[in-house]
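# Topology and contacts: notes
Residues per chain, in single letters:
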Amino acid sequence: MDNTMTFKRSAVALALLATFSAPILAADQNDTDTTQLETITVLGKAYRNTATKTALEPEETPQGITVLDGELLEQRGVKSVSQALRYAPGVVTEQKGASVTMYDNYSIRGFDNKNVNYYDGLALQYLNGWNLQPQIDPIAIQQIEVFKGPTSVLYGAMPPGGMVNIIAKSPQLQDSTSVGVATGSRNLMEASIDTTGQIGESNLSYRIIALARKQDSQVDFAEEERYVFAPSLDWQVTDRTLINFNLYYQNDPSMGINSSLPSMGMVTDSPVGSISSSTSAGDKNWSTFEREVLMLGYKINHDFESGWSFLQNARYTDASLYQENTYHYCDEASGYCDFNAQTGELTRNIYSTDESSTGFVIDNQLSKLVVTGDVEHNLLFGFDYQQLSGDAKYTTFGQISGFNVFNPNNNMIDRSQLTATSVSNDKVDVEQLGFYFQDQLRYNALVLIAGGRYDQYESTSNYNGFETKADQSEFSYRVGALYELSNGLSPFINYATSFEPVAGVSSFNEPFEAETGSQIEGGVKYQSEDGAVESTVSVFYIVKENVVITDPSSADYQGQLQVGEVTSQGAEFEARWYPTDTVDVLASYTYLDVEITEDGDNGLQGTTPIYVPEHSATLWANYYVSSGALDGARLGGGARYVGEMQMDASNTQGKVPSYAVVDLSLGYDLGYASDSLSGAQANLIINNLFDTDNYTCYDKYNCWYGAEQSIELNVNYEF
């Protein structure tokens, strides 16, 4: 899109130019006269497409993929990956509402991601069974790629619904510095800097990103505070060799709360009282969530004279987390419940966790374009390895009664009177090794892809001397085909499998088997000749076996059950349309039908898992004013609809109601008001414009409010 509006940099345009120029850059990336091309390749030379681990275009991939570029994230004012995924088709995000902000939890095509998040193609390692995992702030994100369907063939352990890969901002050769400040609802205070460029006339280029943010939580007596420092350095060692060094440090002194509320008086009416979106079930004297993450990484990209290209991508992580929190528990089968529906009294269980982990992950890729007659082969061979060791201490401090959700008193716990009633320790070790290969070939208008992978996974958990192990291996594969018709339509079909190792034992003390899945998907991609319209329509059928779910009858919901089989079938549509040079429109729709189709032991056969709406849809549009009194302005906004979902796993407690939320985003290039303000841009963002109540629930005793109305005003100055 070539807007007449002269914003200093359009990430959408740069990303499109980078995508279309990728084959040229790959063929001759060392030409010293391509400085301008280098500066617009915002994704960096070491970037690899999530869907193929190559530099090939997503349009050539016979599988669904959604790309959320950095400009969209800025327009929507997102503060987390969870918020960024609000407009992604097939994704249900913010599963614990708006007040629990320390996790990026979501499901894709009906399957929970189980903390499987990727950053620049490498796993953000998660301490199995606990809370500790890095969470990347949007200030460091260039774009987010959502790959639909099984991806185990390239990444190993992965749910069959898909994956999210967060692409980091990379050093650029062209000098640029952006300074930003923001204020808004709930006492938001934010300052950031993003500076990049070449170091003198050397073969070094840098990027330094820093952020400080503080804001009150949506619930009472809690706040969110974060500091980020993310420098990176590109070293063009030779014409054929690039080394990137990168660091990501994040300190979260406070990240809100991690507790829920009963649905009565919230999702459903109660004659006793009501619960507002600011109500907290925690206590201001026992409400801590501190996290610190350090990640050190490097990439080596080398092009051999023979035409082979080698990429090694590695990262070391050192992380820690400490939380003080409360929870409540209900088991209708036994008649025990911490919540009294007649009075609103909630008995709270007091606990803390102290968690730490160190991990290392490395991915090695060898690729080459081979031409045999009329056939082009994009060959890829690789192996990756990851290792994680961690410790967690879980301490309980008994119960405290007398709290009423309809008249909350969040000042009841006296820290000096607390005595530990139990202490549990868990020692976790995980190792995974995978070997993979892939051939994506083109014959005229036909694109075929085939690949396979073998994984060996081992994990050990020593919980208070009781040791559980997993030693599982699996071969995963995928095949697909896409045909590019002359009218812009590209029908495609694929079949792919997934593998998820599972450690531990069930609530019945039975060892888990590995979860496996498969998907068959067919659809059509379309791109108009002038590029004004891009769309994808797909239908899919996914089967997942040996599925592990949380046991709703277990204390603190720590127990797990393994059900037989879950199927997900549905359809997705997404489109981007540029009707004029000054208008862009994004739209999506998802239909999902998910059901537990086999379960002989737990009584869940025929039920629908939680967090699965049958229908969901999004719409986003921007209008760039190019004349008149508002010349230089951007008028944008969108709406997102999420259909009703089951309230609990057994489907006996009713449904969480559907909702539709409207968001507004207004921007203005201040350079149009005065030449002295050239490079400055102001944005006003109102999320949930009409303050629509919305909810998510685990069951009727554990629900969360979605994000209430929030207003943000930010100003960014680029020079």
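Throughout what follows, the structure given in this document is the object of discussion. Counting of residues starts from 1 at the beginning of each chain's written sequence and follows it residue by residue. For this predicted model, a pLDDT threshold of at least 70 governs which residues receive local features, and a threshold of 80 or more governs which side-chain atom pairs are given and counted, while totals over whole chains, interfaces and linings are taken from all residues. Water and hydrogen atoms play no part in the side-chain values, which are based on all heavy atoms of the structure.

Turning next to the sheet that holds strand β5 (residues 118–119). Between any two strands, at least two bridges found by DSSP are needed for them to pair. Think of it this way: any DSSP run of H or I at least four residues long counts as a helix, any run of E at least two long counts as a strand, and we number them from the N terminus. The strand order across the open sheet built from five strands is β1-β7-β8-β5-β6, with neighbouring strands paired in mixed fashion. Edge positions in the sheet fall to β1 (65–69) and β6 (122–123), since each of these pairs with one other strand and no more. Where β1 and strand β7 (residues 141–148) come together, five bridges link them in antiparallel fashion. Bridge assignment links Thr66 to a residue of β7, and that residue is Val146.

Attention now goes to the packing of aromatic side chains. Side-chain rings of Phe, Tyr and Trp (the six-membered ring for Trp) are treated as a pair once their centres are within 6.5 Å; stacked means planes under 30 degrees apart, edge-to-face means over 60, and tilted covers the remaining angles. If you walk through the whole model with that rule in mind, you get 15 aromatic pairs. Both rings, one in Tyr87 and one in Trp620, keep their centres 5.4 Å apart while their planes meet at 80 degrees; by these two values the pair is edge-to-face. Placement of the pair is Tyr87 in the loop between α4 (81–84) and β2 (91–93) and Trp620 in strand β29 (residues 615–624), with a sequence separation of 533 residues. Assessed through its relative accessible area of 8%, Tyr87 is described here as buried. Classification of residues uses two cut-offs on accessible area relative to the type maximum, computed with a 1.4 Å probe and protein chains only: under 20% is buried, over 50% is exposed, and between them is partly exposed. With relative accessibility at 1%, the residue Trp620 sits in the buried group.

Here the focus is the nonpolar core. As used in this record, nonpolar core signifies buried Ala, Val, Leu, Ile, Met, Phe, Trp, Tyr and Cys residues forming a set joined through side-chain atoms within 4.5 Å. Counting residues in hydrophobic clusters, the biggest one holds 59 residues, and the most contacted among them are Leu85, Tyr119, Ile136, Ile144, Val164, Ile166 and Tyr248. Every residue in contact with Ile166, bar those within four places of it in the chain, is listed here: Val81, Tyr118, Tyr119, Asp120, Leu124, Ile136, Ile141 and Gln143. With 18 residues, the next largest nonpolar core counts Leu346, Met647, Val656 and Cys697 among its residues. Any two residues having at least one pair of non-hydrogen atoms within 4.5 Å are treated as being in contact.

Let's shift gears to unusual backbone geometry. The backbone of Asp120 shows a phi angle near 55 degrees, a positive value even though the residue is not glycine. You can see Asp120 is positioned in the loop between β5 and β6. On the basis of relative accessibility, which here comes to 17%, the residue Asp120 falls in the buried class.

What follows is about the state of the cysteines. Note on disulfides: each one is a pair of cysteine sulfur atoms within 2.5 Å. Under the counting rule described, the total for this entry stands at two disulfides. Covalently, Cys330 is tied to Cys337 through a disulfide, its sulfur atoms 1.8 Å apart. Across the disulfide from Cys330 to Cys337, rotation about the S-S bond amounts to roughly 55 degrees, and the bridge is consequently right-handed. What makes Cys337 partly exposed here is its relative accessible area of 28%.

Looking at where Arg86 falls in the secondary structure, it is placed in the loop between α4 and β2. Judged by relative accessible area, Arg86 falls into the buried class, the value being 12%. With 203 residues separating them along the chain, Arg86 and Phe289 place their C-alpha atoms 25 Å apart. The contact partners of Arg86, leaving out residues within four places of it in the chain, are Thr93, Glu94, Thr618, Arg640, Asn687 and Ala707. A distance of 2.8 Å separates polar atoms of two side chains, one belonging to Arg86 and the other to Glu94. In the analysis that follows, any N or O atom pair within 3.5 Å is treated as a polar contact, provided that within protein one partner can donate a hydrogen and the other can accept it, and provided that, for residues neighboring in sequence, both atoms belong to side chains.

Here we take up the pattern of salt bridges. The working definition used for a salt bridge is a side-chain nitrogen of Lys or Arg within 4 Å of a carboxyl oxygen of Asp or Glu. Enumeration according to the criterion identifies 28 salt bridges in this entry. Salt-bridge contacts for Glu521 lead to Arg109; the nearest nitrogen and oxygen are separated by 2.9 Å. Of this pair, Glu521 sits in strand β25 (residues 515–527) while Arg109 sits in the loop between β3 (106–108) and β4 (111–112), placing them 412 residues apart in sequence. As far as the burial class goes, Glu521 and Arg109 line up, both buried. In this structure, the salt-bridge partner of Asp137 is Arg213, at a minimum N-O distance of 2.9 Å. With Asp137 in the loop between β6 and β7 and Arg213 in strand β11 (residues 204–216), this pair connects stretches of sequence that are 76 residues apart. Under the relative-accessibility criterion, Asp137 is labelled buried at 0%. A relative accessible area of 11% means that Arg213 is categorised as buried. When salt bridges that share partners are traced, they join Lys79, Asp137, Glu190, Arg213, Arg226, Asp252, Arg291 and Glu712 into one network.

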